[in-house]
Amino acid sequence: ITVFVPCDAAALAVGADKVAAAISREIEMRGVDARVVRNGSRGLLWLEPMVEVRTEHGRIAYGPVRPGDVPGLFAAGFLEGGAHPLCQGRTRDIPFLRNQTRLTFARCGVTDPLSLEDFRGYSGLKGLEKALTMSPGEIVAAVTESGLRGRGGAGFPTGIKWKTVLDAPGTTKYIVCNADEGDSGTFSDRMVMEGDPFMLIEGMIIAGMATGATKGYVYTRSEYPHAIATMRQAITIAREANLLGLSILGSGRAFDMEVREGAGAYVCGEETSLLNSLEGKRGIVRAKPPLPALQGLFGCPTVVNNVISLASVPVILDRGPTFYRDFGVGRSHGTIPIQLAGNVKHSGLYETAFGLSLGEIVNDIGGGTLSGRPVKAVQVGGPLGAYFPPSLFDTIFDYEAFAARDGLIGHAGIVVFDDTADMLKQARFAMEFCAIESCGKCTPCRIGSIRGVETVDRIAHGIEPEQNKALLADLCNTMKFGSLCALGGFTPYPVMSALKHFPEDFVPAPVKEAAE
Ligand code: NAI
Ligand code: SF4
């Protein structure tokens, strides 16, 4: 009998280690023939720690399990999938999971993250094996044909980026995986690194073979200690199995990689700032051009891709570009791991083809707010993303549809707020966040964000509110068009969307209190 207890940080945060220990104790005490496997998370975070038991009817889920629940679970015959108030039935039948299209996250939560045998058993390395039979140009063409766009947030076509690096002159080239995942409410990169690290390794090797790079770096944040540890262990295992090194799977082609840890600055997720940090310099944004694809790490042609972009590549090569391309809408092809967070009933990771409406995602999949109060706003795309009111819930999850409504999908994080949220405070927070995280290189961001906080404060205190609202809009315009990178350039999205959609919150505090 196999019992699965996740080792993902989200499960650990709510006591998964203690639950695993309690289950092991009970197994020993009862002398039953069972073992505990630590898997990744399935992404149903409101059910964590979600324990599964493999039975002849498939895997049965129980959650959220607390250590104190364990004796009761055993008494209820949980090792045979017995009935219990925490039983969620067959894992794959849970609606949140059943209705997903899991291409990238197909293995996450199913396998032991550090078992190469498990990885192979669930289609792992098939993409790489295919790539080994192709020329670099053919691999790049397949990725281009798939329509994959950068999942870090900008949505730039991955194949075109790879072609730029492939065609760039130079013998030393690099693959840099941006795993700095700083957006609020996002955790898909972390889930891959903790739940299916070999998939990322496979994607990076393929990227190396496609572009002529033989060295890769995963740059991640110090706030992700479990992801760092798991990735490092996976890299060691991959090296021992000749998956990394001088001759990948005996092909005679070389690729190796390592994990580098950042110190937690949000701006180090910006690709040029990240490269500076990786080179041991201060994480300050570089001017573009030159593009990193031409002059990146140590001045060499460099692919900088987000975790999910790289992790999407193995399945594209394995199943073919057309298979992947056929999912989605418009110019947004394939699937996207949507991350639901904040005040939402069903928080977690939901991988689906592009094309659902925002309302379907928040209300049907997310189940509305956790507090049970009406949804007031959702912020899509991290702290630099726009706030959407329910009146815009018909917006389709697609890069262009969001841009048309002055928003962005970003890294696909959605943070839900109920009707107690004060959108003026949220606008102030956006400016304050920018002020704290600014790298200081350009004036609109460095100074503008501080003036932004002051201007929002003046509106809150009823000081010339109309003039200050106009000033705030003007300031946002300057930041949007005059900033060097997305931190200063995108901060206007949350600020202006809050002002536009929730004007009733932009009144002096005493007026608000009286209205309440
Ligand atoms: P960008 O639009 O400047 O660039 C996108 C990518 O395409 C870059 O890698 C750039 O080097 C590359 N590129 C552009 N033209 C190219 C060409 N001709 N050939 C080859 N490569 C080319 O956007 P940027 O500043 O890289 O990213 C901004 C986005 O980052 C925002 O949309 C935001 O959503 C997202 N973001 C994500 C975060 C996260 O936690 N994942 C955190 C903060 C922001
Ligand atoms: Fe630095 Fe802000 Fe300018 Fe970006 S916009 S380069 S973070 S000062």
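Look a little higher up for the structure.
Student: How should helix α7 (residues 136-146) be read in this particular structure?
Tutor: Every α-helix carries 3.6 residues per turn, so stepping three or four residues along brings you back to the same face. Among the residues of α7, I139, V140, A142, V143 and S146 are the ones counted as buried. The buried residues of α7 occupy an angular sector of 160° when projected down its axis, which confines them to one face. Looking at the buried positions of α7, the neighbouring elements they touch are α6 (126-131), α8 (158-167), α10 (197-211), α13 (307-319), α14 (321-325) and β11 (332-333). Two residues or fewer after α7 comes G147, characterised by a positive phi angle close to 80°.

Student: Quick question: what am I supposed to make of the site of ligand 1 here?
Tutor: The full set close to ligand 1 counts 20 residues, and K161, G182, D183, Y266 and E271 are the nearest of them. K161 places a polar side-chain atom, nitrogen or oxygen, 2.7 Å from an oxygen atom of ligand 1. Separating an oxygen atom of ligand 1 from a side-chain N or O atom of E271 is a distance of 2.5 Å. About the coverage of ligand 1: the protein hides 74% of its 860 Å² of free accessible area. Only α8 and α21 (486-490) provide two or more residues apiece to the shell around ligand 1. For the shell around ligand 1, the class distribution of residues is 9 nonpolar, 6 polar and 5 charged.

Student: Just to check I follow, could you spell out helix α2 (residues 16-30) for this structure?
Tutor: Under the 1.5 Å per step criterion, the end-to-end length of α2 is 21 Å for 15 residues, consistent within 8% with the ideal 21 Å. When we look at burial in α2, the residues that qualify are A16, V19, A20, A22, I23, E26 and I27. Along the axis of α2, the buried residues cluster in a sector spanning 160°; they form a single face. Exposed residues pointing more than 90 degrees away from the buried face of α2 are listed as K18, R25, E28 and M29. Buried residues along α2 sit in contact with β1 (2-4), α1 (9-12), β2 (35-37), β3 (51-55) and α3 (70-75).

Student: Is there a simple way to think about the site of ligand 2 in this case?
Tutor: In the region of ligand 2, 13 residues are neighbours, and C439, K441, C442, C445 and C485 sit closest. In terms of residue class, the shell around ligand 2 is built from 8 nonpolar, 4 polar and 1 charged.

Student: Sorry if this is basic, but what is going on with the environment of S312 here?
Tutor: Within the secondary structure layout, S312 lies in helix α13. For S312, a relative accessible area of 0% puts it in the buried group. Sequence separation between S312 and R107 is 205 residues; the distance between their C-alpha atoms is 12 Å. In contact with S312, not counting residues within four places along its chain, are T104, L148 and Y324.

Student: Sorry, what's going on with the packing of aromatic side chains here?
Tutor: The geometry of two aromatic rings is summed up by the distance between their centres and the angle between their planes. Under the definition given, this model contains 15 aromatic pairs. Ring geometry for F119 against F198: centres 5.6 Å apart, planes inclined by 50°, an arrangement best described as tilted. Of this pair, F119 sits in helix α5 (residues 116-121) while F198 sits in helix α10, and the two are 79 residues apart along the sequence. Here F119 matches F198 in class, with each residue buried. Above the plane of the ring of F323 lies R319, whose end atom (NZ or CZ) is 4.1 Å from the centre.

Student: How do you make sense of the pattern of salt bridges when you look at a structure like this?
Tutor: Once their charged atoms are close, side chains differing in charge can pair, the charge on each being opposite to the other. Enumeration according to the criterion identifies 27 salt bridges in this entry. Note that K215 and E258 form a salt bridge whose closest N and O atoms lie 2.6 Å from each other. Of this pair, K215 sits in strand β7 (residues 215-221) while E258 is found in strand β8 (residues 256-262), placing the two residues 43 residues apart along the sequence. With a relative accessible area of 22%, K215 lands in the partly exposed category. Of the residues examined, E258 reaches a relative accessible area of 26% and is grouped as partly exposed. Between R373 and D419 there is a salt bridge, and its shortest N-O distance comes to 2.6 Å. Of this pair, R373 sits in the loop between α15 (358-365) and β14 (375-380) while D419 sits in the loop between β16 (413-418) and α17 (423-437), and the two are 46 residues apart along the sequence. For R373, a relative accessible area of 41% translates into the label partly exposed. Look at D419 and you get partly exposed, because its relative accessible area is 33%. Several salt bridges share partner residues, and in doing so they unite D8, R190 and E194 into one network.

Conventions we followed
- Residues numbered from 1 in each chain as written.
- Chains lettered and ligands numbered in written order.
- Predicted model: local features only at pLDDT ≥ 70, side-chain atom pairs only at ≥ 80, totals over all residues.
- Heavy atoms only, no water.
- Buried < 20%, exposed > 50% of the residue type's maximum accessible area, 1.4 Å probe, protein only.
- Helix = DSSP H or I, 4+ residues; strand = E, 2+ residues; numbered from the N terminus.
- Arc of directions from axis to C-beta.
- Contact = heavy atoms within 4.5 Å.
- Near = heavy atom within 4 Å.
- Polar contact = N/O pair within 3.5 Å; in protein donor to acceptor, adjacent residues only side chain to side chain.
- Areas by Shrake-Rupley, 256 points an atom, 1.4 Å probe, with all protein chains shown as cover.
- Nonpolar A, V, L, I, M, F, W, Y, C, P; charged D, E, K, R; others polar.
- Expected span 1.5 Å × (residues − 1).
- Phe/Tyr/Trp six-rings, centres within 6.5 Å; stacked < 30°, edge-to-face > 60°.
- Lys NZ or Arg CZ within 6 Å of the ring centre and 35° of its normal.
- Salt bridge = Lys/Arg side-chain N within 4 Å of Asp/Glu carboxyl O.

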